[in-house]
Amino acid sequence: MRLGLIAGNGRFPFLALEGARRLGHDVTVVAIREETSPALAEAAAGDPPAAVHWVSLGQVGKCISILKHAGVSRAVMAGQVKHTRLFADIVPDLAGLKVLGRLRTRNTDAVISAVADVLADHGIELENSTAFLRPLLAGSGVLTARPPSADEQADLDFGYRMADAVAALDIGQTIAVKDRAVVAVEAMEGTDAVIARAGALAGPGVCIVKVGKPAQDMRFDVPVVGLPTLAAMEKAGATALSVDAGRTLVLDGPRFYARADAQGAAVVGREPGAE
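Just so it is clear, the structure is predicted and the values come from calculations on it, not from any experiment. (Residues numbered from 1 in each chain as written. Predicted model: local features only at pLDDT ≥ 70, side-chain atom pairs only at ≥ 80, totals over all residues. Heavy atoms only, no water.)

Participant: What is the right way to read the side chain of T28 from this model?
Facilitator: Relative to the helices and strands, T28 resides in strand β2 (residues 27-32). Exposure remark for T28: the relative accessible area of 3% places this residue in the buried category. In this structure the side chain of T28 is engaged in a polar contact, spanning 3.3 Å, whose partner is the side chain of R2. Beyond its immediate stretch of four places on either side in the chain, T28 contacts R2, L3, G4, L5, A51, H53, I66, L67, A70 and V72. (Helix = DSSP H or I, 4+ residues; strand = E, 2+ residues; numbered from the N terminus. Buried < 20%, exposed > 50% of the residue type's maximum accessible area, 1.4 Å probe, protein only. Polar contact = N/O pair within 3.5 Å; in protein donor to acceptor, adjacent residues only side chain to side chain. Contact = heavy atoms within 4.5 Å.)

Participant: In this structure, what is going on with a nonpolar patch on the surface? I would like to understand it.
Facilitator: On the surface, a cluster of nonpolar side chains totalling about 310 Å² of accessible area is made up of L169, I171, V182 and V185. Relative to the helices and strands, V182 resides in strand β8 (residues 181-185). Under the relative-accessibility criterion, V182 is labelled partly exposed at 35%. (Patch = residues over 30% accessible without salt bridge, like charges linked within 9 Å, V, L, I, M, F, W, Y side chains within 5 Å. Areas by Shrake-Rupley, 256 points an atom, 1.4 Å probe, with all protein chains shown as cover. Salt bridge = Lys/Arg side-chain N within 4 Å of Asp/Glu carboxyl O.)

Participant: Explain the pattern of salt bridges here, please?
Facilitator: Think of it this way: side chains of opposite charge can pair up when their charged atoms draw near. Enumeration according to the criterion identifies 13 salt bridges in this entry. Notably, a salt bridge pairs E234 with R259, separated by 3.1 Å at the nearest N-O pair. Of this pair, E234 sits in helix α8 (residues 227-236) while R259 sits in helix α9 (residues 253-262); the two residues are 25 residues apart in sequence, bridging distant segments of the chain. Taking the relative accessible area as the measure of exposure, R259 reaches 29% and is therefore partly exposed. Notably, a salt bridge pairs D244 with R247, separated by 2.9 Å at the nearest N-O pair. Side by side, D244 and R247 carry an identical accessibility label, which is buried. By sharing partners, the salt bridges in this structure join D164, D244, R247 and R270 into a single network.

Right, here's the structure in full:
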C-alpha cells in the first residue's frame, strides 16, 4: 500500500521519508512550496524513488487529488508550517475553503485538525507522525552525562505547571525559567526564538522546558528538538533542557546528546503526567 507524506519545513520530512522506505513503503510526497526544502526532491530521487509534488498553502484540494491519484489512503504529516503563515496571503482552493469554514479559531490545533477532517472525508487517514521515527523519541530520566544541578532541577520543576498550562491553551509548548521565574513564553515564534529572547532578557543560566500538550495528537505538531536547539541554548547561555519522554522527537539522535555533553548542557526526559 502506498503511503502519503505531507512535508513541511525542517529535517523531519527527510527522516520520515528515510524511515518509511526502510520499512518497505512506497511513498508519494506532497511538499508545501512555501515551507519545504527543495533538497527533499533530491532525497526522494533515491532508491526506491518517491514522486514529489509541490503545492502551495491553501491548495488542500490539489493535495487530496495527488494522494488519491497515487492510490494513497494513509498519510503522515512531517515537518511544521510556521504558525505565522496563518496571517499570510493564502489563496485557498475549494477544499481549502472547507477547512477555513470549519475553523472557530486559527490556532495550530484547529487548523490542522480541520485539514485532517477534510482528508478523512476523502478516505485519507492521517497516522501518527512519529510512526517511522520511534527510535528518535526522547527517553525518560537523565539523557546526558550531566544531570541537572539542584538549582536547575528546581527551575525545571517550577516550570512544568506553567508550561503545561500554556500548552493546554495551544499557545506554545516551550517556556524559559530562571531562579523560579518565567522569563519567556513561546507563542508563534518557535523554540529557538524563545531561547534567544530568554538569554537576552535574563542572561546565562536559563532553563528550557518543552512539553507536549495534555492531549497531544501525535498525528501533528509533535514537539521537536535537534542540534539547532542546542546551538540556540549555547548562544543564549541556557544550561538545561527538559522534554517530554515518548512525546518529543530528537531529530539528530545520538549526535544531539553528544553535542549536549560537549557544551555541558543537561537534558532530561520527563515522564508523561509527572510534574
